[in-house]
Amino acid sequence: MGILRSELMKHGTLVLPIDRARHFIDLIGHKTKMQFEDMNSRDLSRPYKKYVQRIDEMERILRFLLEELNRVPDAEVIKNNMDSFLDHSDDHKLDDVEARLKQMYKEFIQFKENNTTLTAARNAALEERYVVQTALASMANIRGPASSRAHGNGSGDDFEFAATRSLLDDEEGGRSRLETMFSNTAGVIEQANQDRFARSLFRATRGNTFTHFQQIFEPMVDPKTGREVSKAVFVIYFQDNRMGGQTSAMSEKIQKICASYGVNTYRWPAHREAAQEVLTSLQVQVEDQQRLLRAHESFVLSEASALLAPLRLGGNSLIEDWRLFCKKEKSIYATLNLFEGDMNLRANCWYPEAQEQQIQGLLSSTMSQTGQNSAVLISHRTPPRKSPPTYIRTNEFTAVFQELVDTYGLPNYGEANPALFTIVTFPFLFGVMYGDVGHGSMLLSVGLFAVWKAEDIKHTIPDLYYARYIVTMMGLFAIYVGFLYNDFFSLGFSFFTSRWVEVEGGHPGPGGIISYEPAPWFDTKNEGGVGPYPFGVDPAWHGAQNELIYMNSLKMKISVILGVSQMIVGLLLRFANAIHNNSPVDLVFECVPMMLFMVCFFGFMDYM
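These numbers come from a predicted model, not from an experiment. Residue positions are counted from 1 within each chain, in the order its sequence is given. Reporting in this predicted model follows two pLDDT cut-offs: at least 70 for local features of residues, and 80 or more for side-chain atom pairs to be given and counted; totals over whole chains, interfaces and linings ignore these cut-offs and use all residues. Processing note: side-chain calculations cover all non-hydrogen atoms of the structure and skip hydrogens and water entirely.

We now examine the overall build of the protein. Every helix listed is a DSSP run of H or I at least four residues long, and every strand listed is a run of E at least two residues long, numbered separately from the N terminus. Looking only at helices and strands, the protein features 20 helices and 12 strands. Only protein chains enter the accessibility calculation, which uses a 1.4 Å probe; a residue whose area is less than 20% of its type maximum is buried, one above 50% is exposed, and one in between is partly exposed. Counting every position in the protein, which comprises 608 residues, the buried fraction comes to 35%. Residues are treated as being in contact if the distance between any of their heavy atoms lies within 4.5 Å. Sequence-distant contacts, at least 24 apart, represent 76% of the contacts inside the protein between residues at least 6 apart. Note on areas: these come from Shrake-Rupley sampling with a 1.4 Å probe, and a residue is covered only by the protein chains present in the view. As presented, the protein carries roughly 37000 Å² of accessible surface, and 56% of it is formed by carbon and sulfur atoms.

Shown next as structure tokens:
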């Protein structure tokens, strides 16, 4: 039928040999248009359900691999080369792809576990190093008992030290007894939980603890999520009178709070010499862990490069080809689930009448090439009672307009297709709304660029590629209506002589307003003289005091006239549908009253 109405559809039965059913469905989907009916809707039997489940598992593995590849630095998956994939889709086999995906899945699971272990070990070494550094900073101004005695046995010149020395230093065992009365717990916590952690400690211990936080400026990578987390070192000081290996109730309470927040606790050094020794060993450990992580990342990158590399020149990455292959295979087996039969599969189908010979020739040519039993398409002479599906043939130019119409509603089978009129009315009404020569020229430039560089932007900017023709037409109509409005970035043109001149002998009125009147040679009464401005709005209106009133009135009347005209065209299509369907009831009781109502009310308003 063409673009005005949907294609004539025929009903038939497709019979496929069970051993080559997948091949024929692949061939039919690639070369022709056909819609199948579900022959198993009553008993819900799905003979190819296991294949669909296998592909679902493969798609899950592919999503996992894509997530892992996104974490690899500078990893880019080459996509959108659909033509290249369709030309070489037979190179992939379901069993081979499934086996390779499962192998890749096991390897990347092992990579992920190893990376988590290495990152956790590196973070633990870093956190303990920062704890030791905090301990060293806090011990910087503390002198040990030996140094105190050395200063006390001197010549007395260091009066400042002697004056600030604790009185308990002179008593035997005084400082040691004081130090055993206090204990501490140190660790690392996320900065986001720092305030809540401090409040919980204060409330649980009733203010009998002092917590000091030291920010870690270097963010650490969470081994589970892979995200960077800011952390801080904390030291909790509290009184502890227990001696030996026993723990006090206060210490147990603090340990429970730390465990509830999931923080990592580390041993606090007893003196500077021990802290320095631990810091040196931790520095070596951190360097070793960093070296292991870099080696592991380079190994993962080398393994991921096989998934990212294109299989052929101008093709997709291997993982993208696998994703498209799974999507295609899933569609094929979902279609085969609609068939019934044991030795041969059969299903009722709809297909365009114009493609019947093409489908028959395609099936017969396959039999002649392979020498095996071929599929058979049996056409039904009497179509079923249910309405056929709507199939409207489109091309690159009409596809975007047809999709625009389909968003409001798909026409029924045999009905007039409004997309034919939308090709003109939609860009024109856009121009009426957007009428400006300057803005329209910019839009036209974008559309022409998209048409010129269509192959280059087909995959990089697919939306602009799909809408390149409608954008070009909208730019053209915007320029045309912009000339009608005589508007170029809110400035007027003077292509022809204005029909308005300044009043002779007139003086500017209040506010410097200058009055205009029709030119003497302007035939205002239409008696055969010079008529109005030849094309568009007279430039004299631009800058006039009543410009806004005049232009709004003009545009409002134009909008009403165009809107009523468009509704009348829709009613005419309704008349055409009633006549095409041989429905006098719709013609007399729907179309005629609607047209009378439209003409008597809105048509009379437009005439006035």
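And the narrative resumes.
Ordered in space as β2-β9-β1-β10, the four strands form an open sheet in which the pairing is antiparallel. Unpaired on one side and paired on the other, β2 (35-36) and β10 (376-379) mark the two borders of the sheet. Strand pairing follows a simple DSSP-based rule, namely that at least 2 bridges must link the two strands. The sheet contact formed by strand β1 (residues 9-17) and β10 spans four bridges and is antiparallel. Bridge pairing in β10 places Val-15 opposite Val-376. Under this scheme, a helix contributes an axis fitted over its contacting stretch, all axes are lines through C-alpha atoms, and angles between N-to-C directions fall in the 0 to 180 degree range. Relative to the sheet, helix α1 (residues 21-31) contacts β1, β2 and β9 (344-352), its axis offset from that of β1 by approximately 150°.

Extensive coverage of strand β7 (residues 231-239) is indicated by the burial of seven of its nine residues. When strand β3 (residues 182-190) meets β7, the two strands line up antiparallel, connected through nine bridges. Residue pairing for β7: Val-188 is matched across the bridge by Val-233. Sheet topology note: the strand β4 (residues 209-215)/β7 ladder contains seven bridges and is antiparallel. Bridging across to β7, Thr-211 finds its partner in Ile-236.

To continue, consider unusual backbone geometry. If you check the backbone angles, Arg-206 has positive phi at about 55° while not being a glycine. One can find Arg-206 in the loop between α8 (194-204) and β4. Phi at Asn-582 takes a positive value of approximately 55°, unusual for a residue other than glycine. Among the structural elements, Asn-582 can be located in the loop between α19 (547-580) and α20 (584-607).

Now for the nonpolar core. Within this scheme, the nonpolar core is defined by two criteria: the residues are buried Ala, Val, Leu, Ile, Met, Phe, Trp, Tyr or Cys, and they are joined through side-chain atoms within 4.5 Å. In terms of nonpolar packing, the biggest core is built from 47 residues, with Leu-14, Leu-16, Leu-65, Leu-307, Leu-336 and Phe-339 touching the most fellow members. Breaking this core down by element, the ones donating at least two residues are β1, α1, α2 (49-71), α4 (94-138), α10 (272-308), α11 (318-336), β9 and α12 (356-370). In terms of residue count, α11 provides more of this core than any other element does, nine residues in total. In this structure, Leu-65 is in contact with Leu-101, Met-104, Phe-108, Leu-307 and Ile-319, ignoring residues within four places of it in sequence.

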